[in-house]
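# Working through the structure, step by step
One-letter residues, chain by chain:
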Amino acid sequence: YGFGGVLITLCCSRLAEKRIAVIFTAGALVGASFEYLCSFLQEKAFGTLSWEYSGSFLSIGGRTNMKYAVFWGLLAVTYTKFLYPHLSRLIERIPNRQGILLTWILCVMLILDMGISAAALYRQSQRLEGEPADSVVDVFLDYHYSDSRLQQVYPNMKTASEARMQNTSTP
């Protein structure tokens, strides 16, 4: 979600002076594309899906749909027109040197968060295939990111085959 927010900021903040329809459309396209890409990458890398929209209105491969594109568009308008101007003014008050340092710290934290999430999910896929922990990192991930812990963090996540079977069996 953090990276999605960054994308909306990068793509839509330049459109702040445009009509709401332009911002909405850009946000819907960026958000739906990002959602599709995340779902695709998650399935290819880990064999899991956190959402599956097959059968919903204007679903694209079950990875995104019109409903969530509309939500992304509304988020982009709300953020770009109402929240970002205030945040931008606050950010501009931070002295340049400290602002650059803070930006790097936040970037590193985002990368670390994505990295540990990816490692935990990859290790979970290994566990599902019966692969034992054969390194210190695997042991760490098994202890701190067990299947039950990941179920709490990602309550809707299922294996790709499980998600697709569930969706095809639903009337």
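Residues numbered from 1 in each chain as written. Predicted model: local features only at pLDDT ≥ 70, side-chain atom pairs only at ≥ 80, totals over all residues. Heavy atoms only, no water.

## Here we look at the environment of Leu 74
By the secondary structure assignment, Leu 74 is in helix α3 (residues 66-92). The spatial distance from the C-alpha of Leu 74 to the C-alpha of Ala 21 is 10.0 Å, given a sequence separation of 53 residues. (Helix = DSSP H or I, 4+ residues; strand = E, 2+ residues; numbered from the N terminus.)

## Topic: α3
At Leu 83, α3 shows its largest kink, close to 50°, and the proline Pro 85 lies no more than four residues downstream. If you check which residues of α3 are buried, you get Ala 69, Trp 72, Gly 73, Ala 76, Val 77, Tyr 79, Thr 80 and Ser 88. Contacts made by the buried residues of α3 are with α1 (2-12) and α2 (20-46). Of the residues flanking the start of α3, the one acting as N-cap is Asn 65, its side-chain oxygen 3.3 Å from the backbone nitrogen of Lys 67. (Bend = angle between axes of the 7 residues up to and from the residue. Buried < 20%, exposed > 50% of the residue type's maximum accessible area, 1.4 Å probe, protein only. Contact = heavy atoms within 4.5 Å. Polar contact = N/O pair within 3.5 Å; in protein donor to acceptor, adjacent residues only side chain to side chain.)

## Points about the packing of aromatic side chains
Under the criterion given, the structure shown has 5 aromatic pairs. Ring geometry for Phe 3 versus Phe 34: centroids 5.9 Å apart, planes at 40°, classification tilted. Taken together, the residues Phe 3 in helix α1 and Phe 34 in helix α2 connect sequence positions 31 residues apart. For Phe 3, a relative accessible area of 37% gives the class partly exposed. A residue is classified by how much of its surface remains accessible, and Phe 34, at 14% relative accessible area, is buried. Ring geometry for Tyr 79 against Tyr 84: centres 5.7 Å apart, planes inclined by 50°, an arrangement best described as tilted. When its relative accessible area of 19% is taken as the criterion, Tyr 79 is described as buried. For Tyr 84, a relative accessible area of 23% translates into the label partly exposed. The structure contains a cluster of three or more aromatic residues connected by ring pairs, namely Phe 3, Phe 34 and Trp 72. Above the ring of Tyr 36, the side-chain terminus of Arg 63 is found at 5.6 Å from the ring centroid. (Phe/Tyr/Trp six-rings, centres within 6.5 Å; stacked < 30°, edge-to-face > 60°. Lys NZ or Arg CZ within 6 Å of the ring centre and 35° of its normal.)

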